[in-house]
Amino acid sequence: MTLKLAVGLGIAGIIVVFGVVGPLLVGNPSTVRDLGLTGPGNGFLLGTTQTGQDVFAQLAYATRGSLIIGVVVGALTLLLSSFFGIVGAFVGGWADEAFSLFTNIMLVIPGLPLVILISSYVPNKSIWLVAAVLAITSWAGSARVLRGFTLSVRSRDYVLAARISGEKRWRILFVEILPNLIPLLASQVVFAVIFAILGEAGLSFLGLGASGSFTWGTMLFYAQNGLALRLGAWWWFAPPGLAIALFGAALSLINFSIDEIINPKLRSQTRAERNKWSVKS
Amino acid sequence: MSVLEMREMVKEYRLREGLRTTRLRAVDNVSFELTPGRTIALVGQSGSGKSTIAKLLMQLERPTSGSILVDGEPMQYRGARAAAYRKAVQMVFQDPFGSLNPYHTIGHHLARPVTLHHPDFTREQVDERVLELLRRVRLDEDYVGRKPHELSGGQRQRVAIARALAPEPAILVADEPVSMLDVSIRLGVLNLLAALQREENLGVLYITHDLATARHFSDEIMVLYHGAVVEHGSADDVILNPQHEYTQLLAEASPAPERRLAELGH
């Protein structure tokens, strides 16, 4: 285990545990009190909002909300991109042509305007709808990457050998090809989760997010509306912002580690390491 | 199944270059017959259509015209007869580093064809058969649990041979089985193939570009040039009395100690 992977897993793990356990331990995040904009301390770990709501309680619920978005979009993206990328490339012929045409069309549809359009048409958006919209606009890129890799694996000798020995087609796909795609799939999923959480935060910040739910994005939206920055209420906007940044960084670190497992050449690509090689050779 | 015949086989590929399409004739009217216990060497330079013939035999490519006959009956691509054909005709690939799935153990590579061939086998019977296959190719039994990257090229090629033997085939296609191996272990793998051929009474199509091993290990030699068979005869005839220019060139290019000694001694 490299340092990168350890740090990434550590940060991501703490945030996930906080998102799962936190909401059980804090009070109602929507309770309004007379204590507008008190700083950290005084019985509130992270102070209160303008209307006296507990920021720490809000952060716990927001972490859970953002993680749900990330997991749902990650899973949907995995399903869609594997289906259109891997199955198309494996079947070949017209199926491949049709699937890759569809993927390309989805790829050039501009994501954000579509999301804004869908979001503004539906008045009462649930968190699931936002997740679905984000998934539909984000799977195409990884489908293309998967298609390319599947095309390469499909024509390798061990797949031909399996065909020659009379393996069923689904078995060749799931037992011979898919295991070799696992590192790639893992890195695509991690990337999709980052994209989803950032995308949801962006939508919520613009006021287009899920209504009546807590996510890091909606916290920032309310902080912005409550003029937190101008009033110097850093405890209101800094925690959700930091959470987004830290979680994104942690997942990226995990992703880099996966990339290094797929492609060992990426390891030790620091300047000091490369200088060592040149001395050796 | 006893006799496999390829008759007037033609395989053309369409090449697209912008809007124009041209046709490349990779295999041009090739006919031969593989019988149990005999080895035919298919010799030719790179791009002469050797591997295409192997792919046609393995049903990985469909012929443009011509046919493959099994005991006089046309081969089927679907159904029970096709399944029987796949068991009877097996192949050893050229590149031992590409022909084993890096994700799976050696045991998996051998157990799958055994299970496919004997769906009625219990787990213990399959395991026993896998160990027997490893012994047949002179590998230790503890290789069962290893992954391909832990094996050397020669060991991998032995595993590939064991996999090809697992369905108890009658015909074995060996596509340049030693060209990717170290020179020092080539003879070992070739001798193993020859021994297995005698033990199992296999019909072998030995694809190579090395005339010396072709002569040593085969009964007949076919020389392929630009997709067409330019020379076909018993191994010694083709080597000692080459008729076609390309065969003469090949024979000239192989090291011949007698000729060299004569040159030195004059």
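Residues numbered from 1 in each chain as written. Chains lettered and ligands numbered in written order. Predicted model: local features only at pLDDT ≥ 70, side-chain atom pairs only at ≥ 80, totals over all residues. Heavy atoms only, no water.

Our next topic: the overall build of chain B. Per the secondary structure count, chain B includes ten helices and ten strands. What you see for chain B is a C-alpha radius of gyration of 20 Å, in line with the 18 Å of a compact globule of 266 residues. Within chain B, the fraction of its 266 residues that count as buried is 49%. The centroid of the 31 positive side-chain charges in chain B is displaced by 7 Å from the centroid of its 35 negative side-chain charges. (Helix = DSSP H or I, 4+ residues; strand = E, 2+ residues; numbered from the N terminus. Rg over C-alpha atoms; globule rule 2.2 N^0.38 Å. Buried < 20%, exposed > 50% of the residue type's maximum accessible area, 1.4 Å probe, protein only. Lys, Arg positive; Asp, Glu negative; His and termini not counted. Charge placed at Lys NZ, Arg CZ, Asp CG, Glu CD.)

Residues and elements named next belong to chain B. Strand order in this open sheet of six strands is β6-β7-β8-β3-β9-β10, and the pairing throughout is mixed. Looking at the sheet topology across the chains shown, the edges are occupied by β6 (89-92) and β10 (228-234). Across this sheet, the average inter-strand angle for adjacent strands is 20 degrees, counted without regard to direction. Pairing between strand β9 (residues 220-225) and β10: six bridges, direction antiparallel. When the sheet's bridge partners are listed, Leu224 is paired in β10 with Val229. Against the sheet, helix α2 (residues 79-88) engages β6 and β7 (171-175), with an angle of about 40 degrees to β6. (Pairing = 2+ DSSP bridges. Axes fitted to C-alpha atoms, helices over the stretch in contact; angles between N-to-C directions. Contact = heavy atoms within 4.5 Å.)

Judged by nonpolar contacts, the single largest core of 46 residues is most densely connected at Leu110, Ile161 and Ile221 of chain B. Setting aside chain neighbours within four positions, we find Ile221 of chain B in contact with Ala41, Val43, Ala214, Arg215, Glu231, His232, Gly233, Ser234, Ala235, Val238 and Ile239 of chain B. Ranked by size, the runner-up nonpolar core spans 34 residues in total, among them Ala161 of chain A together with Val70, Ile171 and Leu224 of chain B. (Core = buried A, V, L, I, M, F, W, Y, C linked by side-chain atoms within 4.5 Å.)

All names here are of chain B. One non-glycine residue, Gln59, adopts positive backbone phi at about 65 degrees. Note that Gln59 resides in the loop between α1 (50-57) and β4 (65-70). Located in the positive-phi region is Glu168, a residue other than glycine, with phi close to 50 degrees. Within the secondary structure layout, Glu168 lies in the loop between α5 (153-165) and β7.

All names here are of chain B. With respect to the element layout, Glu176 can be found in the loop between β7 and α6 (183-200). A distance of 3.5 Å separates polar atoms of two side chains, one belonging to Glu176 and the other to Gln94. Apart from the residues lying within four places of it in its own chain, the contact partners of Glu176 are Lys50, Gln94, Ile207, Thr208 and His209. (Polar contact = N/O pair within 3.5 Å; in protein donor to acceptor, adjacent residues only side chain to side chain.)

What follows deals with the packing of aromatic side chains. Residues and elements named next belong to chain A. Inspection of the entire model under this criterion finds ten aromatic pairs over all chains. Three or more aromatic residues link up through ring pairs in this structure, and these residues are Phe83, Phe84, Phe99, Phe102 and Trp139. Just above the ring of Phe149 sits the side chain of Arg156; from NZ or CZ to the centre is 5.9 Å. (Phe/Tyr/Trp six-rings, centres within 6.5 Å; stacked < 30°, edge-to-face > 60°. Lys NZ or Arg CZ within 6 Å of the ring centre and 35° of its normal.)

Right, let's get into the UniProt feature "domain: ABC transporter" (unreviewed entry) in chain B. On the UniProt side, "domain: ABC transporter" (unreviewed entry) is annotated at positions that read residues 4-251 of chain B here. Spanning residues 4-251 of chain B, this segment combines 38% helix with 29% strand, and its end C-alpha atoms are found 29 Å apart. (UniProt positions renumbered as here; feature names shortened; annotations may be inferred.)

Moving on, we come to the interface of chain B and chain A. Residue-level contacts link 20 residues of chain B with 15 residues of chain A. The interface formed by chain B and chain A holds one salt bridge in total. Between Arg112 of chain B and Glu167 of chain A there is a salt bridge, with the nearest N and O atoms lying 2.8 Å from each other. Joining chain B to chain A, the criterion identifies six residue pairs in polar contact (both at pLDDT 80 or more). Within the residue set of the side of chain B that touches chain A, elements represented by two or more residues are β6 and α3 (106-117) of chain B. The class makeup of the residues in the side of chain B that touches chain A is ten nonpolar, six polar and four charged. (Salt bridge = Lys/Arg side-chain N within 4 Å of Asp/Glu carboxyl O. Nonpolar A, V, L, I, M, F, W, Y, C, P; charged D, E, K, R; others polar.)

Let us now look at the pattern of salt bridges. Residues and elements named next belong to chain B. Counted by the stated rule, this structure contains 20 salt bridges over all chains. Salt-bridge contacts for Arg129 lead to Glu132; the nearest nitrogen and oxygen are separated by 3.5 Å. Taken together, the residues span about one helical turn, with Arg129 and Glu132 both in helix α4 (residues 123-136) at a distance of three residues. Using a relative accessible area of 10% as the deciding quantity, one classes Arg129 as buried. You can call Glu132 partly exposed: its relative accessible area is 31%. A salt bridge links Glu141 to Arg135; its shortest N-O distance comes to 2.3 Å. Since its relative accessible area comes to 41%, Arg135 is described here as partly exposed. Where salt bridges share partners, they join Arg129, Glu132, Arg136, Glu168 and Glu200 into one cluster.

The next thing to look at is helix α7 (residues 169-205) of chain A. Residue and element names in this part refer to chain A. Between the first and last C-alpha of α7 there are merely 47 Å, a value that for 37 residues lags more than 12% behind the 54 Å anticipated at 1.5 Å per step. Along α7, the sharpest kink reaches roughly 55 degrees, centred on Leu178 and followed within four residues by the proline Pro179. One or two steps after α7, the chain reaches Gly207, where phi turns positive at roughly 85 degrees. (Expected span 1.5 Å × (residues − 1). Bend = angle between axes of the 7 residues up to and from the residue.)

Another aspect to go through is the UniProt feature "transmembrane region" (unreviewed entry) in chain A. Residue and element names in this part refer to chain A. Per the UniProt record, "transmembrane region" (unreviewed entry) is found at residues 7-26, 67-91, 98-121, 127-146, 173-197 and 234-258. Counting secondary structure, residues 7-26 comes out at 95% helix and 0% strand; the distance between its end C-alpha atoms is 27 Å. Annotated as residues 67-91, this span is 100% helix and 0% strand, and its ends, taken at the C-alpha atoms, are 35 Å apart.

Residues and elements named next belong to chain B. Taken in spatial order, the four strands of this open sheet run β2-β1-β4-β5, and their pairing is antiparallel. Edge positions in the sheet fall to β2 (20-34) and β5 (73-74), since each of these pairs with one other strand and no more. Of the strand pairs in this sheet, strand β1 (residues 4-17) and β2 are connected by eleven bridges, and their pairing is antiparallel. Across the sheet, residue Lys11 finds its bridge partner in β2, namely Val27. With respect to the sheet, α1 is in contact with β1, β2 and β4, its orientation differing from that of β1 by roughly 115 degrees.

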